Amino acid sequence: MTRLLFPFLAAAALTYAAKWTPDDLLMSESVQQMELSRDGKLAVYVKSGMDKEKGEPVSNLVLYNLADAFEVVLTRGKDNHSSPHFSPDGRYVAFLSSRSTGEDAAPSTDASSAGRRGARGGMQVWRIDLRGGEPEVLTRMEKGVSNFAWLDANTLLLAAAEDATLHEQRIKERKDTSQVVEDEQHATPVRLFRFDLKAKKARRLTENRDRIATLAVSPDGKWAVTTHDRSLSYVWDQKLRPSAFLHDLQAGTSRQLFADGKLLPRAVQFALDSKGFYFEAPHTTHPRYLNAAIQRLYFMESGAATPTEIPLDWPNGLSQGYVVTAGGIIAQLANGVRPKVARYQRNGQAWSREFLATEHAGNIFGMQVAGDRIVYLHSTASKPGQWFSGKLSGAKVEAARQFTETNAAWKKKPIAKSEPYTWKGAKDETVEGILHYPHNYQAGRKYPLVVMIHGGPHGADLDNFSERWGYPVQLMAQRGAFILRPNYHGSSNYGLAFGESISGGNYNDLEWVDVERGVDSLVARGMVDPDKLGTMGWSNGSIITIELTTRTTRYKVASAGAGDVNWISDWGNCEFGHSFDDYYIGKTPLEAPDLYIKKSPLFRMDKVRTPTIIFFGTEDKQVPTEQGWQHYRALKHLEKTDVRFILFPGEGHGPRKYVHQRRKLDEELAWFDKYLFKTLADKNEALRPESPLAALLLSRKRADVPDTVERGDFAIGRFEVTRAQYRAFDPSYAVEKGTENHPAAGLSYEQARKYCEWLSTKTATKYRLPTEEEVGAMLAAKKDENTLDAWAGYAVNPDDAARLSSLIQGLGPGALLKPVGSHAGSGEDPVFDLGGNAAEWVVAKDGAAKVMGGSADQPVDAKSSARPAAGYVGFRGVREM
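Residues numbered from 1 in each chain as written. Predicted model: local features only at pLDDT ≥ 70, side-chain atom pairs only at ≥ 80, totals over all residues. Heavy atoms only, no water.

**Q** I would appreciate a short explanation of the overall build of the protein chain in the present structure.
**A** Check the secondary structure of the protein chain and you find 19 helices and 43 strands. Taking 2.2 N^0.38 as the reference for a compact globule, 881 residues should give roughly 29 Å; the C-alpha atoms of the protein chain span a radius of gyration of 31 Å, in line with that estimate. Taken along the three principal axes of its C-alpha coordinates, the protein chain extends 95 × 65 × 65 Å. Counting only residues that meet the buried cut, the protein chain has 56% of its 881 residues in that class. Here the analysis covers contacts within the protein chain between residues at least 6 apart in sequence; of these, 60% occur between residues at least 24 apart. Of the accessible surface of the protein chain, which amounts to about 37,800 Å², a share of 49% is contributed by carbon and sulfur atoms. (Helix = DSSP H or I, 4+ residues; strand = E, 2+ residues; numbered from the N terminus. Rg over C-alpha atoms; globule rule 2.2 N^0.38 Å. Buried < 20%, exposed > 50% of the residue type's maximum accessible area, 1.4 Å probe, protein only. Contact = heavy atoms within 4.5 Å. Areas by Shrake-Rupley, 256 points an atom, 1.4 Å probe, with all protein chains shown as cover.)

Pasting the structure below:
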């Protein structure tokens, strides 16, 4: 199996990095937008991850041959690529890309191009030939393409924003950056275009004034369904609902669907025979708002006037969507933390259901089907997600095998045990969540607890692996804490009544009680120390966290990211303020100002005693930044607890840039280390931890026993064993005055091994030499460390190294060695001299002795097999955990 990795992620996959670090979360890979070719032999998907150099995530396309089991990376670089679609004949993959086309010219359409100026914007459609060659740009729409689909091998259907009007051109010429809020009159329409691939020409198909949001095309290319956003204020007030249209692409006609607005189609997919289409639609008891709803599934024949609801026979509705199969669909049904997967087959006007039989049933979180080929995403809260491929036989999946390999470095890291957990919450109703155990868990002991509360509120934490900047589960479990992720009242996946239970004035009356009773349950079972509780969340999870700090003082620490404290200002400032607040609080602040004051934690800040750290993006429109300022100012003014406020410039409702995500995690972990775990050490801001000065200070902490750095299930020596340390074992070992802190060199493998045995006896802790597998990726000569290149002042080739060898020998054994830690270290908890000074003894893969790493008498030459002189060979120990 061939695997081509992103170059910026390969460096993160070091075999020795077994301890969880913030970068393990931030640099993680994800697989999304999976699509199968029509014959089921190929899969294409988007592989995304953070690019540290760019400072933002990038996404590239990967092709996987399911028949022959090999993988090919289709795109590389720092641009973003998305929405891959196979051509009907399977020869091409078309996709959206942000990469430059190399031209500023406007596209050719059926309208006059006079007056167009400036470069293109947005994403364009590109195409790559799967037989070989570079991607080629297809479209050059002035404002980019928002959505597209294949009609046939030579034609695409595009949804794209219309070209600039004279009004827009003049604003741009004036460099006027003023904004008119909800300027419907000048909002750019998004329309349908037919795009001829041979002529590379777009022809406008619709004249709509609104904005096409989604697009679905029938397999035969004759029909399309579009949904349209009709109001710029719809998110705020949910008044003018989106519309839907069915387009006969052959006849050139369109008709509106569901004009009464009672059905709001989503996730439209055509039947394989193109005679009709499926869609999801939200169902709620509220006459206007759709904030909390269950998803029902419908089928509509292309010529029919009304759709037919598919009898799912499942009161909770859909959870993770559905896929179309021959004669029916496979649906993922809402079922708490573990969705149920069922195959529905149509038999005339009747439908039959059979639950999917697979070894991974209950933990499938995404699917695609083509013929008898099924691929699906499998994960648990303790098992990182991977995609599997198998044969679909009725409702059985046969011969399933994994075909993606993401986040390989996580295999060497401890992952917290987890399980679904239930308790009696508010109204004595059952509440479910996910409980993660401490990495060092031992039955009978009590541990700290960190409650991580999801946003929404109409969302849910599922039994799948989720490590991200907002909720660092493993980093907290590594610190020895339980983590509880509660699906409080108002969460999705538990039915309509549960989701709607906090609406109509009940908002935040039940949710915090659910959390409190979940904590009480764990305390009562003797698992959690009641004096070591922390809480954190983002968005609605932050809102509940804030509420908890005003209701009780038992939480020792809180992290609140983008959370509301003042519902009066939220109503006007939040981009969905009216629809959210009117639905959940039950009235507007104009109607019930006293109710809004009662619901707002801002007016209870005098009760807060929990040290709180607050995070916000300066451009957050979902929970406006002003909420964070009010929260911070109130706590700072009252002076009854510690508070810290971190702003991320230019970020919206959650940081996207690497530097901001990293700052969030670093600040948050330090806050919890200080107030909950009580492990935060005083740090000198002027001291770089990887610097030689830091190395010197560390080396003098306890000179007789080598300092070690944890790397998963073992700890590696921070420095090479020094001459002074070795002389404590062997008094006959001669040490020249002033070189006590140099690496002990000129030693045999057996001498190094016996030192580790002696140290084990002395400390009652097992020490040994490292293995090649453990340190092989670490020990490599580096140009910025103590090597011959540094001494010679240039990159020494093997011929010059031979010429210099006699001069070096004349200086005496180990004359070029320096004190340990003289050069910058590697890693967050740094290890020093991995790339130079003394080469080191290790246990080879076959159990024999082996010398690895750079040394002061050898150049930085990856092609060299030269061995350092004996006077430049030392060692460092490994302490077993």
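That shown, we press on.
**Q** Could you clarify how one ought to interpret the packing of aromatic side chains in this entry?
**A** Think of a pair of aromatic rings as described by two things: how far the centres are apart, and how the planes are tilted against each other in angle. If you walk through the whole model with that rule in mind, you get 44 aromatic pairs. When the ring of F616 is compared with that of F645, the centres are 6.5 Å apart and the planes differ by 85 degrees; the resulting orientation is edge-to-face. Remark: F645 occurs in strand 36 (residues 643–648) and F616 occurs in strand 35 (residues 612–617); sequence separation between them is 29 residues. This pair shows no difference in class: F616 is buried, exactly as F645 is. Three or more aromatic residues link up through ring pairs in this structure, and these residues are Y289, Y507, W567, F576, F580, Y583 and Y584. A cation over an aromatic ring shows up here: K417 above the ring of Y437, its NZ or CZ 4.4 Å from the ring centre. (Phe/Tyr/Trp six-rings, centres within 6.5 Å; stacked < 30°, edge-to-face > 60°. Lys NZ or Arg CZ within 6 Å of the ring centre and 35° of its normal.)

**Q** How should the side chain of N566 be read in this particular structure?
**A** For N566, the location among the structural elements is in the loop between strand 34 (555–561) and helix 9 (567–573). Side-chain polar atoms of N566 contact the side chain of Q630, separated by 2.8 Å. Setting aside residues up to four positions removed in sequence, N566 forms contacts with S600, L602, Q627 and Q630. (Polar contact = N/O pair within 3.5 Å; in protein donor to acceptor, adjacent residues only side chain to side chain.)

**Q** It is not clear to me how the confidence of the model for the protein chain should be interpreted in this structure. Could you clarify?
**A** Reading predicted coordinates in detail is not appropriate for stretches of low pLDDT. With 96% of its residues at a pLDDT of 70 or more, the protein chain has an overall mean of 93. Here residues 104–119 scores under 50 on pLDDT; set against residues more than four positions off or in separate chains, the count is 28 contacts. (pLDDT = per-residue confidence, 0-100.)

**Q** Help me understand unusual backbone geometry in this model?
**A** Peptide bonds are mostly trans, and most non-glycine residues show a negative phi. Of note, the bond from G456 into P457 is cis; its omega dihedral lies within 30 degrees of zero at 10 degrees. Relative to the elements of secondary structure, P457 occurs in the loop between strand 31 (447–453) and helix 5 (473–478). Its identity is not glycine, yet A562 carries a phi of approximately 55 degrees, on the positive side. Turning to its location among the elements, A562 is positioned in the loop between strand 34 and helix 9. The exposure class of A562 is buried, given its relative accessible area of 0%. A positive phi is found at N837, a non-glycine position, where the angle reads about 75 degrees.

**Q** How do you make sense of a nonpolar patch on the surface when you look at a structure like this?
**A** A cluster of nonpolar side chains, namely I568, I597 and F603, defines an oily patch on the protein surface of about 240 Å² accessible area. Within the secondary structure layout, I568 lies in helix 9. Classification of I568 by relative accessible area gives partly exposed; the value is 34%. (Patch = residues over 30% accessible without salt bridge, like charges linked within 9 Å, V, L, I, M, F, W, Y side chains within 5 Å. Salt bridge = Lys/Arg side-chain N within 4 Å of Asp/Glu carboxyl O.)

**Q** Before we go on, may I ask you to explain the nonpolar core in this structure?
**A** As a rule of thumb, soluble globular proteins bury nonpolar side chains together. In this structure, V450, M452, M476, M605, F672 and F677 are the most contacted members of the largest nonpolar core, which totals 48 residues. At 6 residues, helix 13 (residues 658–675) tops the list of elements feeding residues into this core. Once residues within four sequence positions are removed from consideration, M452 is found in contact with D461, Y471, P472, V473, M476, I483, L484, R485, P486 and M536. With 37 residues, the next largest nonpolar core counts Y437, M527, I544 and W567 among its residues. (Core = buried A, V, L, I, M, F, W, Y, C linked by side-chain atoms within 4.5 Å.)

**Q** Teacher, can you tell me more about the side chain of N786 here?
**A** Within the secondary structure, N786 is located in the loop between helix 17 (772–775) and helix 18 (788–792). In this structure the side chain of N786 is engaged in a polar contact, spanning 2.7 Å, whose partner is the side chain of W791. Among the polar contacts made by the side chain of N786, one reaches the side chain of N837 at a distance of 2.7 Å. Apart from residues lying up to four places away in sequence, N786 is in contact with W791, L816, L817, K818, H823, G836, N837, S855 and A856.

**Q** Help me understand the environment of P265, please; the structure alone is not making it clear to me.
**A** Along the chain, P265 turns up in the loop between strand 16 (253–257) and strand 17 (266–270). Take P265: its relative accessible area is 10%, and that puts it in the buried class. What P265 contacts, discounting residues up to four positions off in sequence, is T227, A244, F258, F279 and E280.

**Q** Can you walk me through the pattern of salt bridges in this structure?
**A** Oppositely charged side chains may form a pair once their charged atoms are brought near each other. In this structure the tally under the stated criterion is 44 salt bridges. Taking the shortest distance from any N to any O, the salt bridge between E162 and R204 comes out at 2.7 Å. With E162 in the loop between strand 10 (155–161) and helix 3 (166–173) and R204 in strand 12 (residues 201–204), this residue pair connects regions lying 42 residues apart in the sequence. Accessibility expressed as a relative area gives 13% for R204, which makes it buried. One network of salt bridges, with partners in common, ties together D23, K52, R662 and D666.

**Q** Can you help me understand the sheet that holds strand 30 (residues 430–436) in this one?
**A** In spatial order, the strands read 29-30-32-31-33-34-35-36; together these 8 strands make up an open sheet with mixed pairing. Each having just a single partner strand, strand 29 (418–424) and strand 36 make up the two edges of the open sheet. Here the strands of the sheet are splayed against their neighbours by 20 degrees on average, with no regard to which way each runs. Both strand 31 and strand 33 (residues 528–538) contribute to a ladder of 6 bridges, which runs parallel. Residue pairing for strand 33: L449 is matched across the bridge by L533. The strands touched by helix 8 (residues 540–551) are strand 31, strand 33 and strand 34; relative to strand 33, the strand with the most contacts, the crossing angle is about 140 degrees. (Pairing = 2+ DSSP bridges. Axes fitted to C-alpha atoms, helices over the stretch in contact; angles between N-to-C directions.)

**Q** Can you help me understand the sheet that holds strand 4 (residues 70–73) in this one?
**A** As a general point, the strands of a sheet are linked pairwise by backbone hydrogen bonds and lie either parallel or antiparallel. Read from one edge of the open sheet, 4 strands run 1-2-3-4, paired in antiparallel fashion. On the outer flanks of this sheet lie strand 1 (30–36) and strand 4, each paired with one strand and no other. When strand polarity is set aside, the average angle formed by the axes of neighbouring strands in this sheet is 25 degrees.

**Q** Explain the pairing of strand 30 here, please?
**A** Each regular strand shows side chains that alternate between the opposite faces of the sheet. Here strand 30 lies mainly inside the structure; 6 of its 7 residues are buried. Where strand 29 lies against strand 30, 7 bridges are found, and the strand directions are antiparallel. Pairing of P420 across the sheet is with I434, part of strand 30. Taken together, strand 29 and the strand that follows it, strand 30, pair antiparallel across an intervening segment of 5 residues, in which K427 is found at a positive phi of about 60 degrees. In this sheet, strand 32 (residues 482–487) lies alongside strand 30 in antiparallel orientation, the contact comprising 5 bridges. When the bridges of strand 32 are listed, L435 appears paired with L484.

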